[in-house]
Amino acid sequence: TEFKYKDPNQDVTSESHVIKTDTTPFNESPTFNFIFASSVAEFALALRDSKYKEDASYVSVIQRLENLKEVERDPLKLEFLELVRKCIVNEIVAK
């Protein structure tokens, strides 16, 4: 993997290379935070009706989040789930 980084207070860009020598998969079961973040990204694609959304939908986001018990324990994540639900209702009413 190659990446570049520039400190905002400097004029020089640093370039780094990282070689992954471990042959095991990165993670066969994604973490809660990864699943939640991917749900937020999918929601954004669906909300903006992005040309990149492919199969992204509010229903898919809700199904994924409802399967995560951690969502119920976090008021902000639960609020996000409710926001997605409201978008479905608004979409139905608009039709």
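Further up the page is the structure itself.
Criteria and thresholds
Residues numbered from 1 in each chain as written. Predicted model: local features only at pLDDT ≥ 70, side-chain atom pairs only at ≥ 80, totals over all residues. Heavy atoms only, no water. Core = buried A, V, L, I, M, F, W, Y, C linked by side-chain atoms within 4.5 Å. Buried < 20%, exposed > 50% of the residue type's maximum accessible area, 1.4 Å probe, protein only. Helix = DSSP H or I, 4+ residues; strand = E, 2+ residues; numbered from the N terminus. Contact = heavy atoms within 4.5 Å. Axes fitted to C-alpha atoms, helices over the stretch in contact; angles between N-to-C directions. Parallel < 35°, antiparallel > 145°, perpendicular 65-115°, else oblique. Left-handed = near helix turned anticlockwise from the far one by under 90°. Arc of directions from axis to C-beta. Phe/Tyr/Trp six-rings, centres within 6.5 Å; stacked < 30°, edge-to-face > 60°.

### Notes on the nonpolar core
Piece 1. Membership of the largest hydrophobic core comes to 16 residues, with the highest contact counts inside it found for Phe-43, Tyr-58, Leu-65, Phe-80 and Val-84.
Piece 2. Elements that contribute at least two residues to this core include exactly helix H1 (32–47), helix H2 (58–66) and helix H4 (75–94).
Piece 3. Here Val-84 is in contact with Phe-43, Tyr-58, Val-61 and Ile-62, once residues within four sequence places are set aside.

### Side note on the packing of H1 against H2
Piece 1. Where H1 contacts H2, the two axes come as close as 9 Å, and the packing angle between them is 165 degrees. Taken together, the axis directions place H1 and H2 in an arrangement best described as roughly antiparallel. When the axes of H1 and H2 are compared, the crossing they make is left-handed. Here Ile-35, Phe-36, Ser-38, Ser-39, Glu-42, Phe-43, Ala-46 and Leu-47 of H1 come into contact with H2, specifically with Tyr-58, Ser-60, Val-61, Arg-64 and Leu-65.

### Thoughts on the environment of Asn-33
Piece 1. Counting through the fold element by element, Asn-33 comes out in helix H1.
Piece 2. Through-space distance from the C-alpha of Asn-33 to that of Leu-45 is 18 Å; in sequence the pair is 12 residues apart.

### Concerning H2
Piece 1. Within the span of H2, buried status applies to Tyr-58, Val-61, Ile-62 and Leu-65. One side of H2 holds all its buried residues, which, seen down the axis, span an arc of 95 degrees.
Piece 2. In the core, the buried residues of H2 are packed alongside H1, helix H3 (69–73) and H4.

### Remarks on the packing of aromatic side chains
Piece 1. In this structure the tally under the stated criterion is 4 aromatic pairs.
Piece 2. With centroids separated by 5.7 Å and ring planes inclined at 45 degrees, the aromatic side chains of Phe-43 and Tyr-58 adopt a geometry described as tilted. Pair noted here: Phe-43 is in helix H1 and Tyr-58 is in helix H2, with a separation of 15 residues, a long-range link. Here Phe-43 matches Tyr-58 in class, with each residue buried.
Piece 3. Ring geometry for Phe-43 and Phe-80: centres 5.3 Å apart, planes at 85 degrees, overall edge-to-face. Pair noted here: Phe-43 is in helix H1 and Phe-80 is in helix H4, with a separation of 37 residues, a long-range link. This pair shows no difference in class: Phe-43 is buried, exactly as Phe-80 is.
Piece 4. An aromatic cluster of at least three residues, connected via ring pairs, comprises Phe-32, Phe-36, Phe-43, Tyr-58 and Phe-80.

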